[in-house]
Amino acid sequence: MKTLDRKLLRDVRLMWSQALTIALVVASGVGGFITSFSAFDSLSWSRDEYYAESRFADVFSSLKNAPLALQRQLESVEGAAHVQTGLTQVVPISISGVSDPIAGQLIGLDTADPQQLNIVSLRRGRMAESHASGAIEALVSEAFAEAHQLRLGDEITALVNGTRERLRLVGIGLSPEFIFAGLGGSPDQRGFGVFWIDRKFLARAYNMEGAFNQVSVRLSPGASEGAVIDQVNRLLAPYGGINAHGRDQQLSDVILNSEIRQQRVMGTVLPSIFLAVAAFLLNVVLGRQIASQREQVAALKALGYGNPAIGGHYLKLVLLIVMLGLLVGLALGAALGQGFVGLYAKTFRFPTLHYRLAPALIVIAAGVAIAAAVLATFSAIRATVLLAPAEAMRPPSPGRYQPMLLERWGMKTWFSPPLRMILRTMERHRLRTLLTTVGVAMAMATVITGAFMRDAVVVLMDTQFGQVLRGDVSINLLQTTSARALQATAHLPFVTAVEGARNVSVRLVNAHRHYRGFIQGKPEVPDLYRIVNLDKQALNAPVYGLLLTDRLADKLAVKPGDLLQVEIQEGRREVIHLPVTGTVHELLRMNAYMERRALNAVLHEGNMVNQVMVSVERGHEPELLNRLKELPEVGVAISKAVMARNINDVTARNILIFSLVLTGFATIIAVGVVYNNARIALAERAWELASLRVLGFTRTEVSAILLGELGIEIVLALPLGMGLGYLLALGIVTLIRSDEFSFPFAIQPATYAFAVVCVVVAGVVSALIVRRRIDQLDLVSVLKTRE
């Protein structure tokens, strides 16, 4: 072994605790990067592979009823490579022993005409065969089957066009259209299932033989999606076609891509903080280590070692620490990434959602970590190795000392001698004090970033289920009907209040900007399903004009007072112009609101509704839900309590895990910063502290002088950390914002308190470790050190 390599191992052994803490901070940065980006890469790869294998369509459209002969015209659309038509209906589902409302989407499959697009993957069992008599054979979506522990051969009941039909489960399947399962963007694997059944039976049940109500189109390479959509809309317009759209409005794809984007943001922002702190620690710790070995550098030069050899020796020290952190970070990131993918597998259903750690990610992580470390220590290494041997043999020139600023201001008597010693040291090492304070503040900001998400979920749940949804059950009717249905609903058992709504499909257009969605017609002063701003202010539905979600107004580039073109997608399919009366900051989806009777007038219809919100006597919701299952005019009944439970089951678990991971990383940062700076201060002031011990100062008093500096730095870091945490959380909320979802920005006082406790505890633990080293100071050997 070479002499310099033996010296390297000896140096590492002497500073092993500092090297370990720095390596752990590097591991946190690398681990955070690998965790987020490997989960992002695994989701993206699984999505792309599944979309390709299943021939996922590019354009989608729904309509009322069109003859199969129209398919040939659709196939002739320029830019359309493949066209697939189908039948689908949403129906109420009943399972023995389950009182919660369940919606099932029935999709017709023709065994004689295999799918060309959106191909269903068979997980278990077999495909459904043509219906002859008895129960109807069906494939069921995997997530729904697992949520209800359904097995092959089980039977459930579906209300198909007013008739109860038994569905016998013969297979379990997956579809690229339903990677994410839920209604309205909320995860609901228990309350929403997909069932693939014989198309001929479905067509007979709804009098749609020789017809279709759903179209999927796969584009030719290089084709214009917008041009294809326009042609499809033109052909489907006479048949009540709802505007065609691309994948960017396909619910499952939207939710999946939103999660992928969030992982990319998290994998960029937070690891950058960790690596910045690691670079700071390497600069301070190794800068001090190298500077303290000036005499050894001079001796090495006298023995014939050149600058490249000496510089390489110290560079090896840096790389050894970084490589240790890199290896730990890769292992940690791979384990956490695999765990995150396991969580996603419960929400997003792929035939194969395998975790993969791409070699490119390892190369990027290693390159960034090594580059940050080398750049952080290059100046210290260069300054030391370029010293002439004679200069290096002499100790560093003493600093220029002068009264500190507070003393020059005449405040000397305000502070005790130990406190003045602490403040003088901090003033003379301003950069180190600043960087230490910022490092601890970053640790605190990371804790706040992880914990604030729990606050955001609380705000989300309170806003949506406490302020907006004040009713208990939302009833979607199969057909738009007279508002007299509200009176009939009010007479159902245990119903205490009723509120009707009219929702109509529209295309909102402003110049070249457009959005396909719904206008929700509500009472002027809604009570059971309110329009509530994020500040919990309830708004009225405008009597003339539209109230838009702020994200929708931004997307369409309109402001209050502007006229918006509204293309009605029902009935006469008229095109009208309505003014924008205002905007509302809502969390979920992009919505447009109008007073219900005014919307009825715009549609040239009477007093009509197609949705009813009801309040129910406490404890009697199951009885009402069972009664609603018997009503043929009811399409889907959605329970607020069930919806809230489903969201809590998925989001609360994921947020808690993510928060714990960030808190662990932040604790490592705090310990790394505080402990290393305490060790550096101890090394720099050992002679001074030993002298104080000889002069009669107790161990406690000596420790207070050293650790008091760290205590002040932590105190200074707390408000700075709160501010950084606020800005970091706000930045993340802004970056992950999407059309369908705006994550609420809310940080509760308890979150700040939790972050303070985490940082203070990390500081106390570090201080106790250093205090033990102070108590073990060898006064004789320290006082022999030449200054």
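Residues numbered from 1 in each chain as written. Predicted model: local features only at pLDDT ≥ 70, side-chain atom pairs only at ≥ 80, totals over all residues. Heavy atoms only, no water.

### Considering the overall build of the protein chain
Alright, step 1. Of regular secondary structure, the protein chain possesses 22 helices and 24 strands.
Alright, step 2. Its C-alpha atoms give the protein chain principal-axis dimensions of roughly 100 × 60 × 55 Å.
Alright, step 3. Among the 787 residues that make up the protein chain, the fraction classed as buried is 54%.
Alright, step 4. Of the roughly 34,100 Å² that the protein chain leaves accessible, carbon and sulfur atoms contribute 58%.
Alright, step 5. Side-chain charges in the protein chain split into 76 positive and 64 negative, and the spacing between the mean points of these groups amounts to 10 Å. (Helix = DSSP H or I, 4+ residues; strand = E, 2+ residues; numbered from the N terminus. Buried < 20%, exposed > 50% of the residue type's maximum accessible area, 1.4 Å probe, protein only. Areas by Shrake-Rupley, 256 points an atom, 1.4 Å probe, with all protein chains shown as cover. Lys, Arg positive; Asp, Glu negative; His and termini not counted. Charge placed at Lys NZ, Arg CZ, Asp CG, Glu CD.)

### Some thoughts on the packing of helix H2 (residues 16-53) against helix H10 (residues 359-385)
Between two packed helices, both the angle of their axes relative to each other and the distance between the axes serve to describe the pair.
Alright, step 1. Running from N to C, H2 and H10 cross one another at 155°; their axes reach a closest spacing of 10 Å. Taken as axis vectors, H2 and H10 run roughly antiparallel relative to one another. Considering the relative orientation of H2 and H10, their crossing is right-handed. Contact residues: Val26, Val30, Phe33, Ile34, Phe37, Ser38 and Asp41 in H2; Leu361, Ile364, Ala365 and Ala369 in H10.
Alright, step 2. Its residues assigned to classes, the contact of H2 with H10 shows nine nonpolar, one polar and one charged. (Axes fitted to C-alpha atoms, helices over the stretch in contact; angles between N-to-C directions. Parallel < 35°, antiparallel > 145°, perpendicular 65-115°, else oblique. Left-handed = near helix turned anticlockwise from the far one by under 90°. Contact = heavy atoms within 4.5 Å. Nonpolar A, V, L, I, M, F, W, Y, C, P; charged D, E, K, R; others polar.)

### A few points about unusual backbone geometry
Alright, step 1. Phi at Asn118 takes a positive value of approximately 50°, unusual for a residue other than glycine.
Alright, step 2. Mapping Asn118 onto the fold places it in the loop between strand E4 (102-109) and strand E5 (121-125).
Alright, step 3. Its relative accessible area of 2% is what places Asn118 among the buried residues.
Alright, step 4. Residue Ala511 is not a glycine yet carries a positive backbone phi of 60°.
Alright, step 5. With respect to the secondary-structure elements, Ala511 resides in the loop between strand E15 (495-510) and strand E16 (513-522).

### Topic: helix H14 (residues 430-468)
Alright, step 1. The largest bend along H14 reaches roughly 25° and is located at Ala451.
Alright, step 2. With respect to burial, H14 is a largely interior element, 29 of its 39 residues being buried. (Bend = angle between axes of the 7 residues up to and from the residue.)

### Considerations on the environment of Leu87
Alright, step 1. Tracing the sequence through the fold places Leu87 in the loop between strand E2 (80-86) and strand E3 (88-94).
Alright, step 2. Given the relative accessible area of 2%, Leu87 is considered buried.
Alright, step 3. Once the C-alpha coordinates of Leu87 and Leu202 are considered, the two residues, 115 residues apart in sequence, prove to be 7.4 Å apart.
Alright, step 4. Leave out the neighbours within four places in its chain, and Leu87 touches Leu106, Ile107, Gly108, Arg199, Leu202, Ala203, Met208, Ala211, Phe212 and Asn213.

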